[in-house]
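Here are the chains, one letter per residue:
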Amino acid sequence: MSYPLELKDVVKRFGGLTATNHMSFEVNDGESLGLIGPNGAGKTTIFSLIMGEHRQTSGEILCNGEDISSLPTYARIGRGVCRTYQIPRPFSEMDVLENIRLGLMPNNLWQMLTRNPDRYREIELALSVGFSEDDLHRHPAELSMGDLRKLELARTLATDPSIMLLDEVFAGLTAGEIAQIAELINKKRAEGMTLIIVSHDLRSLEPLIDRAIAMNHGSIVAEGSFAKVMADPDVRASYLGGE
Ligand SMILES: Nc1ncnc2c1ncn2[C@@H]1O[C@H](COP(=O)(O)OP(=O)(O)OP(=O)(O)O)[C@@H](O)[C@H]1O
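Every value quoted in this text rests on a predicted model; they were computed, and no experiment measured them.

1. Some remarks on the packing of helix α6 (residues 145-157) against helix α7 (residues 175-190)
Where α6 contacts α7, the two axes come as close as 10 Å, and the packing angle between them is 15°. Relative to α7, the element α6 lies roughly parallel. Of the two possible hands of crossing, α6 and α7 adopt the one that is left-handed. Seen from α6, the contacting residues are Gly-146, Arg-149, Lys-150, Leu-153 and Leu-157; seen from α7, they are Glu-177, Gln-180, Ile-181, Leu-184 and Lys-188. Residue classes in the contact of α6 with α7 are distributed as four nonpolar, two polar and four charged.

Structure, rendered in structure tokens:
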């Protein structure tokens, strides 16, 4: 049986530090998986390995049964995998629509230079993540953290993904902004998107996931329903300081 995404015995070492220590897990089609753990547990490294931004030291990463471990990032995006970043990375000199346009660009210099921008699609994406028409020509410096996270989501949705890796999407947001982003994630879940969500905000994360994996020191500590994982003594010891 193949999964939208599967990690098999993945190890990542940065010099003498093992950031990912023989990690194996899979995500099912249309499933929303929460990845939790304390600072430095290795959650973001997992995303970077899946996207090919770092290469694993050993092990395999499969997408729908195909080993994508040695593919460049753009080829993984072409297979429907995309990610957001903990710290949003918009181009500061470009406005909202221009930043979204970059996500819509083909990975082909000739097409990129010759193809006309799909204005309709850019605007549709911007509105779909909750921007108003007044926001479309704002630059990143004028946006709140909530808007920057929406821009991250629009930019990744522009790649037409089937699997989204969301890194700390709630960090730095107000309660109202969290509710907006959560609603958007739920909409994507209802449409059948496969998700892996990293968040320190466990209260916001819980209603958005079907299953949780807790990590510490690059390894899986517990796996199962959110309630089961949070009740695990090792998770409580490593993540909650034993409370
Ligand atoms: N490029 C890198 N070079 C060297 N060490 C790195 C690199 N990236 C991550 N690490 C180390 O790998 C370990 C895992 O880091 P990672 O960022 O994946 O953790 P995390 O669980 O996402 O933490 P946080 O919740 O703080 O974002 C940490 O010890 C970190 O310092």
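There is more to say after this.
2. Section: the sheet that holds strand β9 (residues 211-216)
With mixed pairing, the six strands of this open sheet are ordered in space as β6-β7-β8-β3-β9-β10. Across the chains shown, the open sheet's two edge strands, defined by having one partner strand only, are β6 (81-83) and β10 (219-224). On average, adjacent strands in this sheet sit at an angle of 20° to one another, irrespective of strand direction. In terms of strand pairing, strand β3 (residues 32-36) meets β9 through four bridges, oriented parallel.

3. A word on the pairing of strand β2 (residues 17-27)
Relative to β2, strand β1 (residues 5-14) is paired through seven bridges, and the arrangement is antiparallel. Across the sheet, residue Arg-13 finds its bridge partner in β2, namely Thr-18. Counting the residues in the hairpin turn of β1 and β2 gives two residues, including Gly-15, whose phi is positive at 60°.

4. Comments concerning the pattern of salt bridges
Should the charged atoms of two oppositely charged side chains come close, the side chains can pair. Under the defined criterion, the tally for this structure stands at 13 salt bridges. A salt bridge links Arg-138 to Asp-135, with the nearest nitrogen and oxygen atoms 3.0 Å apart. Across the pair Arg-155 and Glu-152 runs a salt bridge, and its minimum N-O distance is 3.0 Å. Residue Arg-155 and its partner Glu-152 are both found in helix α6; the two are separated by three residues, about one turn of the helix. Judged by its relative accessible area of 3%, Glu-152 falls in the buried class. Through salt bridges that share partners, Glu-31, Arg-211 and Glu-223 make up one connected network.

What counts, and at which threshold
- Residues numbered from 1 in each chain as written.
- Predicted model: local features only at pLDDT ≥ 70, side-chain atom pairs only at ≥ 80, totals over all residues.
- Heavy atoms only, no water.
- Axes fitted to C-alpha atoms, helices over the stretch in contact; angles between N-to-C directions.
- Helix = DSSP H or I, 4+ residues; strand = E, 2+ residues; numbered from the N terminus.
- Parallel < 35°, antiparallel > 145°, perpendicular 65-115°, else oblique.
- Left-handed = near helix turned anticlockwise from the far one by under 90°.
- Contact = heavy atoms within 4.5 Å.
- Nonpolar A, V, L, I, M, F, W, Y, C, P; charged D, E, K, R; others polar.
- Pairing = 2+ DSSP bridges.
- Salt bridge = Lys/Arg side-chain N within 4 Å of Asp/Glu carboxyl O.
- Buried < 20%, exposed > 50% of the residue type's maximum accessible area, 1.4 Å probe, protein only.

Nothing here speaks to function; it is all geometry.
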